[in-house]
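Report on the structure
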Amino acid sequence: MAIVAETSRFSKVSRPVLAWIVGLLFFFPIFWMILTSFKTDADAVKPEFLLFFTPTLDNYLNMTENYDYWRFATNSVITSVFATLFTLFVGIPCAYAMAFNPSRATKDVLMWMLSTKMLPAAAVLYPMTFLTKSLGIFDTHFLIVLVLSLINLPIVVWMLFTYFKEIPKDIIEAGKMDGVNTWGEVKEILIPLAWGGIASTALLCFIFCWNEAYWTVRLTTTEAATLSKLIEGNRAPEGLFFGRLSAVSAAAVGPIIVLGWFCQKQLVQGLTFGAVK
Amino acid sequence: MSDRKLPRLLQTPAVVLLLIWMLIPLGMTLYFSFIRYVLNSLRRPEWTSPSLSNWRGFGNYQFVLNNKDFLFAIQNSLVIVCSILFLTVILGVLIAVLINKSFPGQGIVRVLLISPFFVMPAVNAVLWINMILDPVLGLQGLAVGGINGVITSLQNAPGVGWFFSLWPQLEPISFRATQTSAYAVIIMVTWQWTPFAVLIFMTSLQSEDQQQKEAAVLDGASTWSQFRFLTLPHLSRPIAIVVMIQAIFHLSLYAEIEIVSRGNGNKNLPYLIGEFANNNIGAASATGIFAVILANIVAIFLLRMIGKTLME
């Protein structure tokens with residue numbers, strides 16, 4: 001290792017400096033949004049780079065009083081959690097079967113699953129609205145959970161499949177010898193071994209659910225509306241309400257960003273689809 | 001139960017659900033694309049509900065093909081997707097290489113870097129177009145004003161003043177305009193998805209063969225040729241993955257386009273479908289079928305590229 005350890009000045013000084021600059025640059029828009037959310041609307045549009053000002057919580061208070069933030073937030077949590085659970089519930093057995101008992105069709109099934117993600121949502125929005133309204137499930141938690149599950153299922157199956165493939169078959173075989181049945185295999189051997197992969201898959205699925213806007217905005221009105229809908233209704237045009245806008249935005253993305261920070265390591269694993277080694 | 005049946009049984013729920021999810025709406029879209037179906041038609045009320053007696057054959061497809069926005073929307077879809085892919089992969093590789101070695105505060109920098117990936121697309125668009133890219137109220141206006149101020153003050157500087165007096169005053173750019181709104185979308189999506197690329201490349205770099213690198217250093221390989229002949233080939237698989245996932249997500253970009261310009265000069269196929277769907281469901285459905293075809297063409301390319309490596 002000693003040979004590779006660079007001693008050049010770039011490595012010692014420039015690299016950290018450059019890295020910090022890049023990191024701060026990427027974070028800056030989020031920082032600016034959070035900063036603006038504590039400004040009055042008058043301060044927020046001042047044509048100067050206002051870093052120091054008298055912070056106010058008005059925007060947040062206004063938001064919880066007038067926009068019913070908590071209802072949207074609760075809906076986001078409920079639908080994302082249940083959709084993630086349901087996706088895993090359907091996805092784990094499927095990925096398990098594909099990884100441990102692959103048939104000739106497995107590859108095609110996987111490809112086909114991914115191709116359902118390429119169906120443009122806009123193309124089928126109208127039929128879906130029509131259908132869900134006539135079934136009477138429009139704007140229900142049930143519908144949103146179902147839709148979120150279905151749009152994320154292909155990615156989840158892919159991720160789980162790549163994790164499960166990593167597990168040595170011998171371990172499962174040994175379990176079979178000991179007379180463990182299939183359910184036992186999944187519960188006692190597979191899930192504990194692939195726990196990291198399952199957790200990171202769940203995390204990514206949750207993030208995609210939370211951020212999903214197209215379907216959740218268009219298939220809800222009030223009952224099951226999530227934070228995406230709150231943003232959609234409040235993207236106050238022409239910059240007159242930057243303070244308010246920032247508060248709503250920060251409150252919508254805040255929870256998921258913090259979650260992302262805590263679960264960073266898991267996420268790195270999860271995002272790689274197990275294929276990066 | 002036999003060894004063959006159980007695996008199939010376990011796959012069934014997922015396969016059936018996805019099949020329904022695909023077939024029913026797609027079937028309806030296909031059906032609507034062949035009939036006259038207009039939501040508001042006072043003159044021909046029979047067109048306002050779907051019925052086989054309104055059969056139009058390929059009329060909707062012809063109508064869409066003759067629409068002046070159609071080809072533009074396809075082009076623009078591809079321009080946006082390809083630009084974002086190009087930028088995120090290049091930036092992703094550079095940043096991943098930059099932060100791969102440990103340095104003080106590496107963990108914090110990583111946290112800062114990945115944050116944009118968690119931001120909702122709608123928030124992303126609202127934030128960028130209003131507070132950052134807006135020529136008057138956004139930071140762009142401030143930045144341009146600042147640069148102009150610096151140039152003006154340098155013009156009075158002794159000695160070099162003549163040089164700076166040749167410089168033009170910068171004008172803020174309106175990113176809601178016809179010619180520039182696609183750039184705004186590219187900028188904001190690149191900001192959001194570069195962290196994704198960085199994360200994947202970084203993970204991959206950590207598993208790079210260090211002995212090989214040491215050998216290369218001993219052989220006197222320059223940093224550049226190490227990067228070119230060792231790191232880049234090592235990254236080819238993760239690059240393929242990044243390209244595939246992102247292409248899937250960006251072909252259906254919608255929120256960003258709507259928020260930036262309401263499609264003004266910057267339509268993509270999903271947006272064009274949305275516009276048609278305000279009234280002409282037949283045309284919207286026909287456009288949808290075109291979008292499905294486009295997505296499948298892209299998919300074939302992508303799957304060729306990546307299918308093998310993933311199944312190994």
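Residues numbered from 1 in each chain as written. Chains lettered and ligands numbered in written order. Predicted model: local features only at pLDDT ≥ 70, side-chain atom pairs only at ≥ 80, totals over all residues. Heavy atoms only, no water.

1. Things to note about the interface of chain A and chain B
Chain A puts 100 residues into the contact, and the matching count from chain B is 94 residues. Both faces considered, chain A and chain B share a buried interface measuring about 9200 Å² in area, 79% of it formed by carbon and sulfur atoms. Of the charged contacts, one joins E258 of chain B and R218 of chain A as a salt bridge, the two residues approaching to 3.9 Å between their closest N and O atoms. For the interface between chain A and chain B, the tally reads seven residue pairs in polar contact (both at pLDDT 80 or more). It is helix α1 (residues 9–37) of chain A that provides the largest number of residues to the side of chain A that touches chain B, a total of 17 residues. Across the side of chain A that touches chain B, the residue classes tally to 75 nonpolar, 14 polar and eleven charged. (Contact = heavy atoms within 4.5 Å. Buried area = accessible area lost by both parts, 1.4 Å probe. Salt bridge = Lys/Arg side-chain N within 4 Å of Asp/Glu carboxyl O. Polar contact = N/O pair within 3.5 Å; in protein donor to acceptor, adjacent residues only side chain to side chain. Helix = DSSP H or I, 4+ residues; strand = E, 2+ residues; numbered from the N terminus. Nonpolar A, V, L, I, M, F, W, Y, C, P; charged D, E, K, R; others polar.)

2. Concerning helix α9 (residues 182–193) of chain A
End to end, α9 of chain A covers 15 Å across twelve residues, agreeing with the expected 16 Å (1.5 Å per residue, within 8%). Turning to α9 of chain A, its buried residues are G184, E185, V186, I189 and L190 of chain A. (Expected span 1.5 Å × (residues − 1). Buried < 20%, exposed > 50% of the residue type's maximum accessible area, 1.4 Å probe, protein only.)

3. Brief notes about the UniProt feature "transmembrane region" (unreviewed entry) in chain B
Residues and elements named next belong to chain B. With numbering matched to this structure, UniProt assigns "transmembrane region" (unreviewed entry) to residues 12–39, 78–99, 111–133, 182–203, 238–261 and 281–303. Between the C-alpha atoms that bound residues 238–261 the distance is 34 Å, and the span itself is 83% helix and 0% strand. The span residues 281–303 shows a helical share of 100% and a strand share of 0%, and its end C-alpha atoms are spaced 32 Å apart. (UniProt positions renumbered as here; feature names shortened; annotations may be inferred.)

4. Description of empty space enclosed by the protein
Scanning all chains against the criterion turns up four cavities of 30 Å³ or more. The computed volume of the largest cavity comes to approximately 770 Å³. Around the largest cavity, the lining is made up of 37 residues, and of these E212, A213 and Y214 of chain A together with F249 and S252 of chain B lie nearest the centre. Of all the secondary-structure elements, those providing two or more residues to the lining of the largest cavity are α6 (121–135), α7 (141–166), α10 (195–211) and α11 (214–218) of chain A together with α8 (181–206), α10 (223–250) and α11 (255–261) of chain B. (1 Å grid on protein atoms, 1.4 Å probe; cavity = no way out; pocket = protein on both sides within 12 Å on 5 of 7 lines; lining within 4 Å. Points joined across faces, edges and corners; volume = space filled by probe spheres on them.)

5. Thoughts on the side chain of N130 of chain B
The topology assignment puts N130 of chain B in helix α5 (residues 121–132). A distance of 3.1 Å separates polar atoms of two side chains, one belonging to N130 of chain B and the other to R176 of chain B.

6. Quick look at the layout of surface pockets
Roughly 340 Å³ of internal volume is contained in the second largest pocket. When residues of the lining of the second largest pocket are traced back to their parent elements, those giving at least two are α1 of chain A together with α3 (68–100), α5 and α8 of chain B. The element best represented in the lining of the second largest pocket is α1 of chain A, accounting for five residues. Here the lining of the second largest pocket is composed, by residue class, of 13 nonpolar, one polar and no charged.

7. Here we look at the packing of α3 of chain B against helix α4 (residues 106–114) of chain B
Residues and elements named next belong to chain B. Viewed as axis vectors pointing N to C, α3 and α4 meet at an angle of 160°, and their least axial separation amounts to 11 Å. Compared by their axis directions, α3 and α4 come out roughly antiparallel. In terms of crossing hand, the pair formed by α3 and α4 is left-handed. In contact with I95, I99 and N100 of α3, α4 contributes Q106, V109 and L113. Looking at side-chain class alone, the contact of α3 with α4 contains four nonpolar, two polar and no charged residues. (Axes fitted to C-alpha atoms, helices over the stretch in contact; angles between N-to-C directions. Parallel < 35°, antiparallel > 145°, perpendicular 65-115°, else oblique. Left-handed = near helix turned anticlockwise from the far one by under 90°.)

8. With respect to the packing of aromatic side chains
Going through the model one piece at a time under the given rule, you end up with 37 aromatic pairs over all chains. Residues F34 of chain B and Y61 of chain B carry aromatic rings whose centres are separated by 5.4 Å and whose planes lie at 45° to one another, so their mutual orientation is tilted. Residue F34 of chain B is found in the loop between α1 (5–33) and α2 (59–66), and its partner Y61 of chain B is found in helix α2; the two are separated by 27 residues along the sequence. Following the ring pairs from residue to residue traces out a cluster consisting of F208 of chain A together with F117, F118, W193, F196 and F249 of chain B. In this structure, R71 of chain A is placed above the aromatic ring of F72 of chain A, and the distance from its NZ or CZ to the ring centre is 5.1 Å. Sitting over the face of the ring of Y214 of chain A, R218 of chain A holds its NZ or CZ atom 4.1 Å from the ring centroid. (Phe/Tyr/Trp six-rings, centres within 6.5 Å; stacked < 30°, edge-to-face > 60°. Lys NZ or Arg CZ within 6 Å of the ring centre and 35° of its normal.)

9. Comments concerning the UniProt feature "domain: ABC transmembrane type-1" (unreviewed entry) in chain B
Following the UniProt record, the feature "domain: ABC transmembrane type-1" (unreviewed entry) maps to residues 74–302 of chain B here. Secondary structure content for residues 74–302 of chain B is 74% helix and 0% strand, and the end C-alpha separation is 18 Å.

10. Focus: the nonpolar core
With 182 residues, the main nonpolar core has F164, W215 and L227 of chain A together with I99 of chain B as its most contacted residues. For this core, the element with the highest residue contribution is α7 of chain A, accounting for 17 residues. Excluding residues within four positions of it along the chain, L227 of chain A makes contact with Y69, F72, A73, S76, W210, A251 and A252 of chain A together with M120 of chain B. Core analysis: the second largest hydrophobic core is formed by five residues, M28, F32, I35 and I281 of chain B among them. (Core = buried A, V, L, I, M, F, W, Y, C linked by side-chain atoms within 4.5 Å.)

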